Amino acid sequence: MIVGFLSSAIRLSATFLYGSTGEIITEKSGHLNLGVPGIMSVGAALGCLCEYYLLKSIGTSVPFLLILLPLLVTFAGGALMGLLYSFLTVSLRANQNVTGLAMTTFGVGLAGYLINSIKAQMAIITRASKYYTTLFPFADKLGWFGEIFLSHGILVYLAIAVAIVAQIVLNKTRIGLNLRAVGENPATADAVGINVTLYRYAATCIGCGISSIGGLFCIMDYMGGNWEYILEVFGWLSIALVIFTLWRPALSILGSIIFGALYIASSYISGITFAQIELIRMLPYVVTIVVLIITSIINSRETQPPANLGLNYFREDR
Amino acid sequence: MNNEAVKVKSVREPLFHVVKRTEIVWWKAWLIRAAAIVAALVATGLLSFIVLKKSPFFVYSSIFSGIFGSSRRILMFLRSTAILLLISLAVTPAFKMRFWNTGAEGQVLVGAFASVFCMYYLGGKVPDGILIPIMFVVSLAAGAVWAGIPAVFRAKWKTNETLFTLMMNYIAIQLVLYTIKIWRPTGTGKLEALPYGNLPQIAGGDFWLSVIVAVIVTALVYVYLKYSKQGYEISVVGESENTARYIGIDVKKVIIRTLLISGALCGLAGFMLAAGIDHTVSDETVGGMGFTAILVSWLAKFDPIAMVFVSALVTFLQQGTGQLMTDCGIANSFFSDIVIGIMFFFIIGCEFFITYKLKFRKSDKKEKDK
């Protein structure tokens, strides 16, 4: 029971981990992107579409391609959405919150439309799901350890790897330093010769690409290839998780598991009514609010968002 | 169009560079916005043409018939516009203060929920003449509380209001789902329309009352923001909290007071939805209008009069593309989200040309005015 619970929590956590890691990279450049729900939806929809056409053309003969190609398409789709966002906010200097919300409206609509176009034969992609959900065939033989840590699909481990790489790049490399400078104080970064525009575009596109993989994972692995309109909620939770983890991808690994656990908790408590389930589902949101309040009361420099988060940079502004 | 002027590193002067306009004549600004709307409509037509493979004439006539095809559709259009306008007006005071209230969705929902709560427990026990005023007060109070909680934390500890209010949306949704499952433990999990506390119908429908309320609130918000001392304080705090503090405005008080008003207006919208139209509540009562309203308010530059037109435009697209889908035999509402998204992108993008202008390299050749 407890093993199954932990295993499921870790599995679901990958959705949040991709979402929040991507958003952390985006936010480090000074972009508060509220479009994550839309980006995750579009990415997932494009990935599913790709999966669908792959299965129709080559079937399951090359399992390796069934993961790789949709993954790339999803990433590209997310990055394109990021490009649109950056074009509006960096080049056209549009308000970030408004642009983000418009991206969410647009993205959720686009994803719904795309999925609806293949709805009748959508079930075919569940056949590809098994390639996502398992990686190590020997996991069952290792008892509880195997079930908790080794029973997941490749995208779960990739999520953790991406988070660790992001943590290292952000904190230990020149690129990361420059990126943080752009998010903290773009005018100073500009003065020392950092290309603010390039950094903001690149970070946002890469970040959105990573976030969108969370959508693909959620549908193909967690949902077993069945499309559900839950990505919007997961997108918002991913944004919340960024604050929950204080802009640290490594901490996000743990935070995602906690969110995953809170989200599925209601299915693992026996003897409760349907009404109480709804009450327990409130937990992730309440916990996020509590963390928001606590970090704002502590108000130390370590727990603060990038100083220029949400603001656009125009060199000639004084 | 690509204005990567800042990116070019070569010695050669870039093709164009961006200059901030000192000022722009109001009609020119609106001309640019109108051009953006027309461009978005053309893009919509093109998209429909490509995706649905129908002639542009069919697309546009279908969209128009969705609104003007029958008197009932016109009334529906007016009602939806009124509700969206009401929520947009509600979020405006907060936004003018640069308080990013993304929680309108939840504030409207708790307003509607509060009304239904009263209907459920008091309906049949007290006459509607007493019940409706109680519902009104409770709805406004519920909305105010839902917005007030984040406001207090924002004022006291600068807690991030964007995410706080966002999370409050989901808490409101879960609260509604929880209560409905208690009331109706078996069955579909939906609450049927309740026969108590329904607002009176005017001219045989639930259309006109929403319109009347929206007109009154538009006037009130306009006067409040433009001519009252509190409205002035809101704009000062929005411009700079430090300035506000310097001239002796109690910033914390203004933040909390404004959000209570904002939330109460959201609660009013919820009351209109629950008591006037739906007579019940579900997690889809607000249906994303809370988020759309944020965009409407911002695109209208927080001007209540402009908001009337923007919310009409959005409702026009929503209802029109809905009709288009019906005419094409496609049963989903996603296409209208795409179209509305495109419209938003165009209007958001066009603001750039209002604030800035492009100066081309051979600047004596011609100054581009758009």
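Rules behind the numbers
- Residues numbered from 1 in each chain as written.
- Chains lettered and ligands numbered in written order.
- Predicted model: local features only at pLDDT ≥ 70, side-chain atom pairs only at ≥ 80, totals over all residues.
- Helix = DSSP H or I, 4+ residues; strand = E, 2+ residues; numbered from the N terminus.
- Buried ≥ 20, exposed ≤ 12 C-beta atoms within 10 Å, placed from the backbone.
- Contact = placed C-beta atoms within 7 Å.
- Rg over C-alpha atoms; globule rule 2.2 N^0.38 Å.
- Nonpolar A, V, L, I, M, F, W, Y, C, P; charged D, E, K, R; others polar.
- pLDDT = per-residue confidence, 0-100.
- Axes fitted to C-alpha atoms, helices over the stretch in contact; angles between N-to-C directions.
- Parallel < 35°, antiparallel > 145°, perpendicular 65-115°, else oblique.
- Left-handed = near helix turned anticlockwise from the far one by under 90°.
- Expected span 1.5 Å × (residues − 1).
- Core = buried A, V, L, I, M, F, W, Y, C linked by C-beta atoms within 7 Å.

For the rest of this paragraph, the subject is the overall build of chain A. Helix and strand counts for chain A come out as 14 helices and zero strands. For chain A, the α and β elements follow one another from N to C terminus as α-α-α-α-α-α-α-α-α-α-α-α-α-α. Across its three principal directions, the C-alpha atoms of chain A cover 60 × 45 × 35 Å. Within the span of chain A, comprising 318 residues, buried residues form 53% of the whole. Counting only contacts in chain A whose residues sit at least 6 apart along the sequence, the fraction spanning at least 24 positions is 80%.

This paragraph deals with the overall build of chain B. Secondary structure summary: chain B contains 13 helices and two strands in total. The C-alpha radius of gyration of chain B comes to 23 Å, within 12% of the 21 Å expected for a compact globule of 370 residues. The 370 residues of chain B split such that 48% are buried. Relative to all contacts within chain B whose residues are 6 or more apart in sequence, the contacts with residues 24 or more apart total 77%.

Mapped onto the fold, L295 of chain B is located in helix α11 (residues 289-299). Along the primary structure L295 of chain B and S88 of chain B are separated by 207 residues, whereas in three dimensions their C-alpha atoms are 8.2 Å apart. Beyond its immediate sequence surroundings of up to four residues, L295 of chain B is in contact with V98, L101 and A102 of chain A together with F344 of chain B.

Turning our attention to the interface of chain A and chain B. Listed as interface residues are 42 residues of chain A and, on the opposing side, 42 residues of chain B. Among the secondary structure elements, those contributing two or more residues to the side of chain A that touches chain B are α3 (63-91), α4 (96-117), α10 (196-222), α11 (231-244), α13 (274-280) and α14 (283-298) of chain A. A per-element tally of the side of chain A that touches chain B places α4 of chain A first, with 13 residues. Grouping the amino acids of the side of chain A that touches chain B by side-chain chemistry returns 25 nonpolar, 12 polar and five charged.

When pLDDT is averaged along chain A, the result is 88, and 99% of the positions lie at 70 or above. At the low end of the mean pLDDT range in chain A sits helix α6 (residues 143-150) of chain A, at 77; at the high end sits α10 of chain A, at 94.

On to the packing of helix α1 (residues 2-28) of chain A against α11 of chain A, then. Residues and elements named next belong to chain A. Where α1 meets α11, the axes come as close as 8 Å, and the angle between the chain directions of the two elements is 55°. One finds that α1 runs oblique with respect to α11. Of the two elements, α1 crosses α11, and the hand of that crossing is right-handed. Here T15, F16, G19, S20, E23, I24 and E27 of α1 lie close against α11, whose contacting residues are F234, G235, L237, S238, I239, L241 and V242. Taken together, the residues of the contact of α1 with α11 sort by class into seven nonpolar, five polar and two charged.

A word on unusual backbone geometry. Even without a glycine there, the phi angle at L246 of chain A is positive, about 55°. Its 17 C-beta neighbours within 10 Å are what place L246 of chain A among the partly exposed residues. If you check the backbone angles, F302 of chain B has positive phi at about 60° while not being a glycine. Tracing the backbone through its elements, the reader meets F302 of chain B in the loop between α11 and α12 (304-328).

All right, on to the packing of α11 of chain A against helix α12 (residues 249-268) of chain A then. All names here are of chain A. Where α11 contacts α12, the two axes come as close as 10 Å, and the packing angle between them is 130°. The angle between the axes of α11 and α12 places the two elements in the oblique class. Of the two elements, α11 crosses α12, and the hand of that crossing is right-handed. Together, L237, L241 and F244 of α11 and S252, G255, S256 and F259 of α12 make up the contact between the two elements. Considered class by class, the residues forming the contact of α11 with α12 number four nonpolar, three polar and no charged.

Residue and element names in this part refer to chain B. Structurally, R79 is set in helix α3 (residues 71-96). The exposure class of R79 is buried, given the 22 C-beta atoms found within 10 Å. Taking C-alpha positions, R79 is 6.1 Å from S210, a pair spaced 131 residues apart along the chain. Dropping the residues within four chain positions of it, R79 is found in contact with F207, S210 and V211.

As a further point, take α10 of chain A. Residues and elements named next belong to chain A. Between the first and last C-alpha of α10 there are 38 Å, a value that for 27 residues agrees with the 39 Å anticipated at 1.5 Å per step. For α10, the tally of buried residues reaches 24 of 27 residues, placing the bulk of the element in the interior. Looking one or two residues beyond α10, the residue adopting positive phi is G224, at roughly 65°.

On to the nonpolar core. Residue and element names in this part refer to chain B. L86, I87, F113, M167, A269 and M272 are the most contacted members of the largest nonpolar core, which totals 211 residues. Element by element, the count of residues in this core is highest for helix α10 (residues 251-278), at 16 residues. Sequence-distant contacts of L86, that is, excluding residues within four places in its chain, are made with V213, A214, V217, L268, A269 and M272.

A separate point is the confidence of the model for chain B. Residue and element names in this part refer to chain B. Across chain B, pLDDT averages 86, with 94% of residues at or above 70. Mean pLDDT values for the elements of chain B range from 78 in strand β1 (residues 16-20) up to 94 in helix α4 (residues 104-122). In this model, residues 363-370 is a region of pLDDT below 50 whose contacts with residues beyond four sequence positions or in other chains number eight contacts. For this predicted complex, the interface score ipTM comes out at 0.87, alongside a pTM of 0.88.

Turning to the environment of V3 of chain A, a few remarks are in order. Residue and element names in this part refer to chain A. For V3, the location among the structural elements is in helix α1. Separated by 141 residues in the primary sequence, V3 and W144 have C-alpha atoms spaced 6.3 Å apart. For V3, the contacting residues outside a window of four places in its chain are W144, E147 and I148.

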